[in-house]
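Descriptive analysis of the structure
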Amino acid sequence: MKIIDLKTLNMVAPLGVGARPYFSWIMASDERDTHQTSYRLEICDERGERAHDTGVIRSDKNAYIAYDGAPLKPRTIYAWKVSATDNHGNAAEAESRFETALDMGDWRAKWIDSPIKRKKSKPGFGKQDPATMFRQVFSLKSKPVKARLYATCHGVYELYVNGARPDERAFAPEHTVYGKHLCYQTYDVTELCAAGKNAIGMYVGDGWYHCPHTAPDMKNKPKAHAALYQLEVEYSDGAAQTFGSDASAKAAYGPILSSDLYAGELYDANNETPGWSAPEFDDSGWANCAEADYGYANLVAQSGEPVTAARVLPAQSVTRKGEGYIVDFGQNMAGRVRLKVDAPRGAKITLEHCEVLDKQGNYYNNILSFGGLGKGCDQKDEYISNGKPAVFEPKFTFHGFRYVKVTGMDVKPEDICAVALTSKKADIGIFETSDARLNRLYENIRWSQTSNTLSIPTDCPQREKAGWTGDMLVYAKTALLNEDCTAFFTRWLKNMSCDQDEYGVIPMVVPQVGMYLKMGKMFKLIYRTQGNGTSSGWGDAAVIVPYDMYQVTGNSEILKQQYDCMRGWVDYIISEAARRRGRRSKLPQDIEKYLWNTGYHYGEWLIPSQSKDGLSFLKLPRVMRLSARYTAPIFGWLSVSTFAKIAELLSKSEDAAKYGEIAEKMKRAIQQGVIQPDGSMPADLMGAYVLPIYFDLVPEQHMKTFADNLVRSIQENGGCMDTGFLASPYLLDALCKIGRIDLAYSLLWQNKAPSWLAEVDAGGTTIWENSFGYDADGNPGNLSFNHYAFGCVADWIFRKVAGIDALEAGFKRILIAPELDGKLTRCKRKFVSAQGAIECEWSIADNQFRLRAVIPCNSTAKIILPDGQTHEVGSGEYEYAIAYEN
Ligand code: BGC
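Below: a short report on this structure. Within each chain, residues carry numbers counting from 1 in the order of the written sequence. Totals for whole chains, interfaces and linings use every residue, but because this is a predicted model, local features are given only for residues with pLDDT of at least 70 and side-chain atom pairs only at 80 or more, for both listing and counting. Here the side-chain values reflect all heavy atoms present in the structure, with hydrogen atoms and water set aside.

On to the overall build of the protein chain. Under the scheme used here, helices are H or I runs from DSSP no shorter than 4 residues and strands are E runs no shorter than 2 residues, and both carry numbers assigned from the N terminus. Looking only at helices and strands, one finds 17 helices and 40 strands in the protein chain. Values of the radius of gyration come from C-alpha atoms, whereas the globule rule sets the reference at 2.2 Å times the count of residues to the power 0.38. Here the C-alpha radius of gyration of the protein chain, 28 Å, is about what a compact globule of 886 residues would show, namely 29 Å. Taken along the three principal axes of its C-alpha coordinates, the protein chain extends 85 × 70 × 65 Å. Split into buried and exposed, the 886 residues of the protein chain put 63% on the buried side. The criterion used for residue contact is that any of the two residues' heavy atoms lie within 4.5 Å. Sequence-distant contacts, at least 24 apart, represent 74% of the contacts inside the protein chain between residues at least 6 apart. Relative accessibility thresholds used throughout: buried, under 20% of the residue-type maximum; exposed, over 50%; partly exposed, between the two (1.4 Å probe, protein chains only).

As structure tokens, then:
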């Protein structure tokens, strides 16, 4: 037996831990039926002093074990050792480490402002002032044995120590609610520091902080690019020194003449100042920085991994088109281009990014007008050559693209590649079948996830890049089954709490910035709601995302972290439901007051048949209103009932009883006030039947009507799915519930739009916002081709097709039960749960069905074969073969 994969806060040996840590490990053994019988955690600081010892604890818990010792010291490396025993009498131990961040009171560095006067950044290419280079020199008496740099800025930065970058991260300090939660990063710079003069260089671009679309809503928001960095060194003789940003720092503009997260970057290589972050650089011509009093109160040690390159993709083809070239990278993504340039001085090279080409193979800009983003707004980068060969890759922008149009130089395929960016997360899922199209669908889902988990969960990387909460409500479970998103979601949810207003409202977009804040305020006025405007299904992410995290990983720490935020949100729902009567409602008050049927709501949002021609603002409001008649009451109930379950889990029995009772009343109100006496729904839409069936809200006597209506709605839609965001995660399961898995499979295999495979057949490489991506003539539409929401179907595929489901939170108890439909002959799925890797691989050949399953230690499983044979097993590898006729 071995102990492996030790993690602190779900990260491997993290630096700069500011939150109370929790610990996880995996037990691995060749022996079957192995579970942990005890563990002991011992934690020592870097001097070998014991900080905490849990003693031997009899438990099979191996993940999310919260540190409950005395407060940890800041800036300290802690080693932690886990010793565990199993039920076969084996013992094993393993060690890992983490390092704590600064204490608030440890900040000595001063915020520094660039003294260079700036104009306010405007939307559009080239409409921002240049990025700012900061530099400062420090003298070290000898080479340190330990050196840490803590840094952040107003903007986004790249950091250099003596000319070298400590890591490859992009877009530090992350997109957060800056006024309350500005991350600082911790770097181990021991190897980069030297005896004598050392220089720190920080290149600061506008980022989210200064971008007109994403700037935080703060009174007197600072206008300048500002920097904060603190270097802490320890020498071999035990002495320590602290250096920090202060008025001795210098600032200047460099080659980035303008940079915007949406519109792109303008780079003039003639403005480069080689060696600018080296100690000996002559900065006498640079401006002196001014100290600024921004304080430290909003600083938070970054939790979660940084944004880095997910993949580097070579060009698949380079085609001459008009005055330029169209380069195809074969994959839609979020990221940027890396280009080898060898052009005469002054030559201007332009890169224009797009997701799809038009019918003739030309560059096609599909960016809708959104709150001033402007119709056909740019996704452009421009490089002005200084006559020397160079490699250009923008620093402070990213785009959503598969194609790039290059003008101003001849392009050879070997000179250009695409760098796909994402927040780093461990890949914990594999899925592969005998069907190439299903495999591609899975790849497309993975790519939309990769593209849209960049610092925050985004809706799409080319248009809004916004943290729409509803999109993640729909997709969170699938996301967690693909990647270890725990740290990533934890930070975003913290920021969700920061954005919650005094009425408990969770905004539609987190961080709530720019036009979304204005939209919220407008909805509040028009719809006369309390607090900032929101929508059911969007704000509900506050409860559903943490609960999904718990369900998939067993992490109850996140439920504790978000508890108050969740309660605030459900209290808001309850009070909004009671405060005003629904329009034209004739319901008795004791039903009416438990129905959330007032306020602004997106309804199901993007029901395919209704959004076929893109976002028609004529059609959309009607469908939103209609579908909101059931989505708002149902999602309101879902949040309250889920919250009651969470209270129960955390042993908060008073809350569990209180909210459980309200949830029951809300359920009754749905049954009496939304579902009509004849069993019909207020709107004859597919989702109207899906949601009540899936959530067991249909009274017994109406079950048949609902089932018939659901089946009919599919038949009437040509055998295609027609659910919007909010009903799609439950569509195939609702069909299984009414005993029609055959229909669920037929929707999965459907290749006429709207369907999942229609996108694959049309050459899609990501999940689309609108399944009708192209019109009947083959012209691409205006919606995004990279939106993960409809990718939520993977959750069903993993459970029914691959056959791995959880019977208990965190896959402590596993169900292995593929449900075959005759089309596939082979399927393989691996998922690394909190207990370890679960595998299920099945195949059909020569009238035999074979299945191989791997169950990790600390889990048990129920394995059901297609002939009904059931096996209860513990950990280990199992193989079965049965006679089977396809
Ligand atoms: C976004 C969505 C979002 C929606 C809300 C769109 O513009 O791209 O994904 O949830 O607005 O209405």
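Now, onward.
Relative to the assigned elements, Thr186 resides in strand E12 (residues 182-188). Classification of Thr186 as buried rests on a relative accessible area of 10%. Ignoring anything within four residues of it in the chain, the contact list for Thr186 reads Leu15, Gly16, Arg148, Leu149, Tyr150 and Arg169.

With that settled, consider a positive patch on the surface. Each patch is built from residues that are more than 30% exposed by relative accessible area and take part in no salt bridge. Like charges join if they lie within 9 Å; nonpolar side chains (Val, Leu, Ile, Met, Phe, Trp, Tyr) join within 5 Å. Values of accessible area rely on a 1.4 Å probe in the Shrake-Rupley scheme; residue burial ignores everything except the protein chains shown. Salt bridges, as used here, are contacts in which a Lys or Arg side-chain nitrogen is within 4 Å of a carboxyl oxygen on Asp or Glu. Only four residue types enter the tally: Lys and Arg on the positive side, Asp and Glu on the negative side, with His and both chain ends excluded. All charge positions are set by atom: Lys at NZ, Arg at CZ, Asp at CG, Glu at CD. A contiguous patch of positive charge on the surface is contributed by Arg583, Arg584, Lys586, Arg622, Arg625 and Arg629. When you line up the elements, Arg584 lands in the loop between helix H8 (563-579) and helix H9 (589-592).

Here we take up a nonpolar patch on the surface. On the surface, Met522, Leu525, Ile526 and Tyr527 cluster together into a nonpolar patch covering about 420 Å² of accessible area. Looking at where Tyr527 falls in the secondary structure, it is placed in helix H5 (residues 514-527). Tyr527 sits in the partly exposed class, given a relative accessible area of 32%.

Attention now moves to the layout of surface pockets. In this structure, the second largest pocket encloses a volume near 950 Å³. Lining the second largest pocket we find 40 residues, and of these Lys477, Asp548, Gln551, Tyr694 and Tyr730 sit closest to its centre. Of all elements in the fold, only helix H3 (469-482), helix H6 (541-553), helix H10 (620-649), helix H14 (728-737), helix H17 (793-801), strand E33 (804-806) and strand E35 (826-833) reach the threshold of two or more residues within the lining of the second largest pocket. Polar here means any residue outside two lists: the nonpolar Ala, Val, Leu, Ile, Met, Phe, Trp, Tyr, Cys and Pro, and the charged Asp, Glu, Lys and Arg; Gly therefore counts as polar. Of the residues belonging to the lining of the second largest pocket, the class tally is 22 nonpolar, five polar and 13 charged. The way it works is a 1 Å grid over only the protein atoms, where trapped points that fit a 1.4 Å probe form a cavity and open points with protein on both sides within 12 Å along at least five of seven lines form a pocket, and then any residue with an atom within 4 Å of a point lines it. Grid points are joined across faces, edges and corners, and a volume is the space filled by probe spheres set on the points.

Looking now at the state of the cysteines. Put simply, a disulfide is two cysteine sulfurs that come within 2.5 Å. Across all of its chains, the model carries zero disulfides by this definition. With no disulfide partner, Cys565 has as its closest neighbouring cysteine sulfur the one in Cys498, 9.4 Å distant. Overall, Cys565 belongs to the buried group, its relative accessible area being 3%.

On to the sheet that holds strand E9 (residues 132-140), then. Pairing between strands is defined by DSSP: at least two bridges between the two strands are required. Spatial ordering of the open sheet is given by E11-E13-E9-E16-E19, a layout of five strands whose pairing is antiparallel. For this open sheet the edge positions go to strand E11 (156-161) and strand E19 (287-288), each flanked by a neighbour on one side alone. Of the pairings in the sheet, the one linking E9 to strand E16 (residues 250-253) comprises four bridges and is antiparallel in character. Counterpart to Met133 in the pairing with E16 is Ala252.

We now examine unusual backbone geometry. In the segment running from Val510 into Pro511, the intervening peptide bond is cis, with an omega of -5 degrees. One can find Pro511 in the loop between helix H4 (486-499) and H5. Between Ala753 and the following residue, Pro754, the backbone shows a cis peptide bond with an omega angle of 0 degrees. Although it is not a glycine, Asn10 adopts a positive phi angle of roughly 60 degrees. The phi torsion at Arg584 lies on the positive side, around 55 degrees, for a residue other than glycine.

Taken together, 12 residues lie near the ligand, and Asp459, Arg463, Glu464, Asp471 and His787 sit nearest. Pairs of N or O atoms within 3.5 Å make up the polar contacts considered here, provided that, within protein, one atom can donate a hydrogen while the other can accept it, and that residues adjacent in sequence are counted only when both atoms are side-chain atoms. Within the side chain of Trp538, a nitrogen or oxygen atom sits 3.1 Å from an oxygen atom of the ligand. Here an oxygen atom of the ligand and a side-chain polar atom of His787 are 2.9 Å apart. A per-class count over the shell around the ligand returns six nonpolar, one polar and five charged. Whether a residue is near a molecule or strand depends on its heavy atoms: it is near if one of them lies within 4 Å of it.

Nonpolar side chains in soluble globular proteins tend to end up buried together. In this description, a nonpolar core means a group of buried Ala, Val, Leu, Ile, Met, Phe, Trp, Tyr and Cys residues linked to one another through side-chain atoms lying within 4.5 Å. In this structure, Leu441 and Leu710 are the most contacted members of the largest nonpolar core, which totals 162 residues. Per-element accounting of this core gives the leading share, 13 residues, to H10. Those residues in contact with Leu710 that lie beyond four places of it in its chain are Met686, Tyr689, Val690, Ile693, Leu731, Ala734, Leu735 and Ile738. Phe281, Leu339, Phe392 and Leu421 belong to the second-largest nonpolar core, a separate cluster that totals 64 residues.

Taken residue by residue, helix H15 (residues 741-749) has Leu743, Ala744, Tyr745, Leu747, Leu748 and Trp749 as its buried positions. Close packing links the buried residues of H15 with helix H2 (436-451), helix H13 (703-716), H14, helix H16 (756-761) and H17.

Moving on, we come to the sheet that holds strand E39 (residues 870-873). Taken in spatial order, the four strands line up as E33-E34-E38-E39 in an open sheet, and their pairing is mixed. With one partner strand each, in any of the chains shown, E33 and E39 form the two edges of the open sheet. Along the sheet, successive strands turn relative to each other by an average axial angle of 20 degrees, direction set aside. Where E33 meets strand E34 (residues 813-816), three bridges bridge the pair, whose relative direction is antiparallel. Counterpart to Asp805 in the pairing with E34 is Leu815. Angles here are taken between N-to-C directions and fall from 0 to 180 degrees, while the axes themselves are lines fitted to C-alpha atoms, restricted in helices to the stretch in contact.

Here the focus is the pattern of salt bridges. A side chain with one charge may pair with a side chain of the opposite charge, provided their charged atoms come close. Following the criterion strictly, the structure yields 57 salt bridges and no others. Residue Asp167 is joined to Arg169 by a salt bridge in which the shortest nitrogen-to-oxygen separation is 2.9 Å. Using a relative accessible area of 22% as the deciding quantity, one classes Asp167 as partly exposed. We classify Arg169 as buried; its relative accessible area is 12%. One network of salt bridges, with partners in common, ties together Arg40, Glu42, Arg50, Asp53, Lys81 and Glu93.

A few words now on the packing of H15 against H17. Two numbers describe how H15 lies on H17: the axes approach to 12 Å, and their chain directions differ by 130 degrees. Comparing their axes, H17 and H15 come out oblique. Classified by chirality, the crossing of H17 by H15 is left-handed. Facing Ile741, Ala744, Tyr745 and Leu748 of H15, the residues of H17 in contact are Val793, Trp796, Ile797, Lys800 and Val801. Partitioned by chemical class, the residues of the contact of H15 with H17 number eight nonpolar, no polar and one charged. Orientation labels follow simple angle bins: below 35 degrees gives roughly parallel, above 145 gives roughly antiparallel, 65 to 115 gives roughly perpendicular, and whatever is left gives oblique. The sense of a crossing depends on the near helix, which, turned anticlockwise from the far helix by less than a right angle, makes the crossing left-handed and, turned clockwise, makes it right-handed.

Now for H13. Here the expected length of a helix is defined as 1.5 Å per residue gap, with one fewer gap than residues. Its 14 residues place the ends of H13 20 Å apart at the C-alpha level, agreeing with the 20 Å of an ideal helix rising 1.5 Å per residue. Buried residues of H13: Phe706, Ala707, Asn709, Leu710, Val711, Ser713 and Ile714, and no others. The secondary structure elements touched by the buried residues of H13 are helix H12 (686-694), H14 and H15. Of the residues flanking the end of H13, it is Gly718, one or two places downstream, whose phi is positive at about 70 degrees.

Its place among the elements puts Val509 in the loop between H4 and H5. Excluding anything up to four places from it in sequence, Val509 contacts Ala466, Gly467, Trp468, Thr469, Asp499 and Tyr516.

Pairing of strand E6 (residues 77-86) with strand E7 (residues 91-99), which is carried by nine bridges, proceeds in the antiparallel orientation. For Ala79, the partnering residue across the bridge sits in E7 and is Arg97. Where E6 hands over to E7, the hairpin turn is made up of four residues, of which Gly89 adopts a positive phi near 85 degrees.

With that out of the way, let us pick up the packing of aromatic side chains. Between rings of Phe, Tyr and Trp, where Trp is taken as its six-membered ring, a pair exists when centres lie within 6.5 Å; planes separated by under 30 degrees are stacked, by over 60 edge-to-face, and by other angles tilted. Considering all chains together, one arrives at 55 aromatic pairs under this definition. Their ring planes at 85 degrees and their centres at 4.8 Å tell us that Tyr694 and Phe695 sit as a pair that is edge-to-face. The class of Tyr694 is partly exposed, set by a relative accessible area of 27%. Owing to a relative accessible area of 12%, Phe695 belongs among the buried residues under this scheme.

This part covers the side chain of Asp358. Inspection of the secondary structure puts Asp358 in the loop between strand E25 (348-354) and strand E26 (380-384). Of the side chains with opposite charge, Lys321 comes closest to the buried, unpaired Asp358, at an N-O distance of 6.4 Å. Setting aside chain neighbours within four positions, we find Asp358 in contact with Tyr364 and Pro780.

On to the environment of Thr825. Looking at the secondary structure, you find Thr825 in the loop between E34 and E35. Sequence separation of Thr825 and Ala845 is 20 residues, and the distance between their C-alpha atoms is 7.2 Å. Residues contacting Thr825, with those up to four places away along its chain left out, are Ser434, Trp842, Ser843, Ile844 and Asn886.

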